[in-house]
Amino acid sequence: LERSGDEEEEVMPEAAGVEILEPGIGSLLKEMLYCVNDFDLIRERIATSEWQEIFFHMTPEEYGSIIAHVHLDFDEPKVAVFLASQLVVMGSSFTCEYCAEAVRNAAKWNRITMVQRLLPFCGDVHSGRDLITKQLTPWELLVTVHDFTNAINNDTTLT
């Protein structure tokens, strides 16, 4: 709404120079370029049914691109865990491939945290852990060995 004098006038977004984007990962990434609080943007989008469908079918590469577009590095794990939890709640599978993409696209100092926070969501840790470990440095492997052990022991795909 714009004010002119005492009157309020509704201005259509197109008239205000705002581009209306169709729901999709590409348009989300465009929005993230201009958004400071990426977590809130993603949380708002995933709350709508049209966007839930987009997130449900998101590929590991698209998931990694979202992580790469998070402006504030300290928000990367928060966004990654939120999306992982939402995928699981929606009935989609969250695999080691998603975790590997998050690690690959995260800030260097977030990589260990990504592994530690995302492993519990991975439904294929026993068979897919190599996808993650290939992304890690020897130090990161050493620091996360306990997390992998716990995740493998809790992997329900073994039964």
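Residues numbered from 1 in each chain as written. Predicted model: local features only at pLDDT ≥ 70, side-chain atom pairs only at ≥ 80, totals over all residues. Heavy atoms only, no water.

## Thoughts on the overall build of the protein chain
For step 1, the next point in the chain: A tally of regular secondary structure across the protein chain gives nine helices and two strands.
For step 2, the next point in the chain: For the protein chain, the N- to C-terminal ordering of α and β elements is β-β-α-α-α-α-α-α-α-α-α.
For step 3, the next point in the chain: The 159 residues of the protein chain split such that 40% are buried.
For step 4, the next point in the chain: Of all intrachain contacts in the protein chain linking residues separated by at least 6 positions in sequence, the fraction that spans at least 24 positions is 68%. (Helix = DSSP H or I, 4+ residues; strand = E, 2+ residues; numbered from the N terminus. Buried < 20%, exposed > 50% of the residue type's maximum accessible area, 1.4 Å probe, protein only. Contact = heavy atoms within 4.5 Å.)

## Things to note about the nonpolar core
For step 1, the next point in the chain: Among the nonpolar cores identified, the biggest contains 42 residues, and I42, F55, Y63, I66, F94, L118 and I132 are the most heavily contacted of them.
For step 2, the next point in the chain: Here this core takes seven residues from helix α5 (residues 76–90), the largest share from any one element.
For step 3, the next point in the chain: Beyond its immediate chain neighbours, meaning those up to four positions away, F55 contacts L28, I42, R45, I46, I66, L83, L87 and M90. (Core = buried A, V, L, I, M, F, W, Y, C linked by side-chain atoms within 4.5 Å.)

## Thoughts on the environment of R117
For step 1, the next point in the chain: Considering the arrangement of structural elements, one finds R117 in helix α7 (residues 111–118).
For step 2, the next point in the chain: Here the alpha-carbon distance between R117 and K78, two residues 39 residues apart in the chain, equals 9.1 Å.
For step 3, the next point in the chain: Not counting chain neighbours up to four residues away, the residues in contact with R117 comprise P77 and V81.

## Remarks on helix α1 (residues 25–34)
For step 1, the next point in the chain: Along α1, the positions that sit buried rather than exposed are I25, S27, L28, L29 and M32.
For step 2, the next point in the chain: Looking at the buried residues of α1, the elements they touch are α2 (38–46), α3 (49–56) and α4 (60–69).

## Some thoughts on the packing of aromatic side chains
For step 1, the next point in the chain: With the rule as written, the count across this model stands at six aromatic pairs.
For step 2, the next point in the chain: Both rings, one in Y63 and one in F94, keep their centres 5.4 Å apart while their planes meet at 80°; by these two values the pair is edge-to-face. Placement of Y63 in helix α4 and of F94 in the loop between α5 and α6 (96–105) is noted, with a sequence separation of 31 residues between them. Here Y63 matches F94 in class, with each residue buried.
For step 3, the next point in the chain: Both rings, one in Y63 and one in Y98, keep their centres 5.7 Å apart while their planes meet at 75°; by these two values the pair is edge-to-face. Here the residue Y63 occupies a position in helix α4, and Y98 occupies one in helix α6, the gap between them amounting to 35 residues. Neither residue differs from the other here; Y63 and Y98 are each classed as buried.
For step 4, the next point in the chain: Clustering of aromatic rings is evident, with ring pairs tying together Y63, F94, Y98 and F121. (Phe/Tyr/Trp six-rings, centres within 6.5 Å; stacked < 30°, edge-to-face > 60°.)

## Things to note about the pattern of salt bridges
For step 1, the next point in the chain: A complete count under the given rule lists four salt bridges for this structure.
For step 2, the next point in the chain: Residue D40 pairs with R43 through a salt bridge whose shortest N-O separation is 2.7 Å. Of this pair, D40 and R43 both sit in helix α2, three residues apart, which is roughly one turn of that helix.
For step 3, the next point in the chain: The partner of E101 in a salt bridge is R104, and the shortest N-O contact between them spans 3.0 Å. Remark: R104 and E101 occur in helix α6; sequence separation between them is three residues, near one turn of the helix.
For step 4, the next point in the chain: A relative accessible area of 11% places E101 in the buried class. (Salt bridge = Lys/Arg side-chain N within 4 Å of Asp/Glu carboxyl O.)

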